[in-house]
Amino acid sequence: VGVIRDWDAKWYADKKEYVPALQEDLRIRKYLETNLKDAAVDRITIERTEPTRINLTIHTTKPGIVIGRGGADVERLRSELSKIVDTYKGQHKRVNINIVEIRKPDLNAHLVGQQIAADLERRVAFRRAMRGAIQRVQRAGAKGVRTMVSGRLNGADIARKEQYTEGT
């Protein structure tokens, strides 16, 4: 982190303010993960530029689902999040939401993993789910891909893991 990938939370807090700010971050992330399950959210970046302002950047494949008709869903999200966050010295914190579209979701490891998990939840055979993911990633232009699933595969009594790699 900080070299090839940036931080997911960009803020600084003193000793007294650190724990409440971190707990607030966790509440925000949990709320967004539960409410935006269908939006294929990869990453949520939280910035605190001043004590009464929180900037959220949501990286998603389907920005239309997050925004909604005429921005109605984004406004609903903003109002719900302002209820979740604490007040600062009696002032309500302003929550700004930015939505960034991911152009090539098949080159994003987190989203490919979510897709494989969704396939397994829909009871697709695990080999087929993995092979399909590998084909999609290769078609998207990746140099290589490695997938692994583990657990009680096909309902077997003994848990195991299987992995497939293709490319470099």
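This text goes with the structure placed above it.
Described below are features of the structure shown in this document. Note that this is a predicted model, so its numbers are computed, not measured. (Residues numbered from 1 in each chain as written. Predicted model: local features only at pLDDT ≥ 70, side-chain atom pairs only at ≥ 80, totals over all residues. Heavy atoms only, no water.)

## Some details on the nonpolar core
One recurring pattern in soluble globular proteins is that nonpolar side chains are buried together. Ranked by internal contacts, the top residues of the largest apolar core, which has 18 residues, are Ile28, Leu32, Leu36, Leu56, Leu77, Leu81 and Ile97. Going through the elements one at a time, helix H1 (15-35), strand E2 (41-50), strand E3 (53-60), helix H3 (72-84) and strand E4 (94-101) are the ones with two or more residues in this core. Beyond its immediate stretch of four places on either side in the chain, Ile97 contacts Leu56, Ile58, Val74, Leu77, Arg78 and Leu81. With eleven residues, the next largest nonpolar core counts Val112, Met130, Ala133 and Tyr164 among its residues. (Core = buried A, V, L, I, M, F, W, Y, C linked by side-chain atoms within 4.5 Å. Buried < 20%, exposed > 50% of the residue type's maximum accessible area, 1.4 Å probe, protein only. Helix = DSSP H or I, 4+ residues; strand = E, 2+ residues; numbered from the N terminus. Contact = heavy atoms within 4.5 Å.)

## Looking at the sheet that holds E2
Spatial ordering of the open sheet is given by E1-E2-E3-E4, a layout of four strands whose pairing is mixed. Pairing within the sheet leaves two strands with one partner each, and these edge strands are strand E1 (9-10) and E4. Sheet contacts for H3: E3 and E4; angle to E4, the most-contacted strand, approximately 140°. (Pairing = 2+ DSSP bridges. Axes fitted to C-alpha atoms, helices over the stretch in contact; angles between N-to-C directions.)

## Topic: H3
For an α-helix the count is 3.6 residues per turn, leaving residues at separations of three or four pointing the same way. For H3, spanning 13 residues, the distance from its first C-alpha to its last is 19 Å, which sits close to the expected 18 Å at 1.5 Å a residue. Here H3 has its buried residues at Val74, Leu77 and Leu81. Seen along its axis, H3 keeps its buried residues to an arc of 55°; they face one direction. Lining the buried residues of H3 we find H1, E3, helix H2 (63-67) and E4. (Expected span 1.5 Å × (residues − 1). Arc of directions from axis to C-beta.)

## What about the packing of H1 against H3?
Contact geometry for H1 and H3: axes closest at 10 Å, N-to-C directions at 145°. Between H1 and H3 the crossing geometry is right-handed. Residues Arg27, Ile28, Tyr31, Leu32 and Asn35 of H1 form the contact with H3, whose participating residues are Arg76, Leu77, Glu80, Leu81 and Ile84. Grouping the constituent residues of the contact of H1 with H3 by class yields six nonpolar, one polar and three charged. (Left-handed = near helix turned anticlockwise from the far one by under 90°. Nonpolar A, V, L, I, M, F, W, Y, C, P; charged D, E, K, R; others polar.)

## What about the side chain of Arg29?
On the secondary structure map, Arg29 appears in helix H1. Look past the residues within four positions of Arg29 in its chain and what remains in contact with it is Asp8, Ala9, Ile44 and Ile46.

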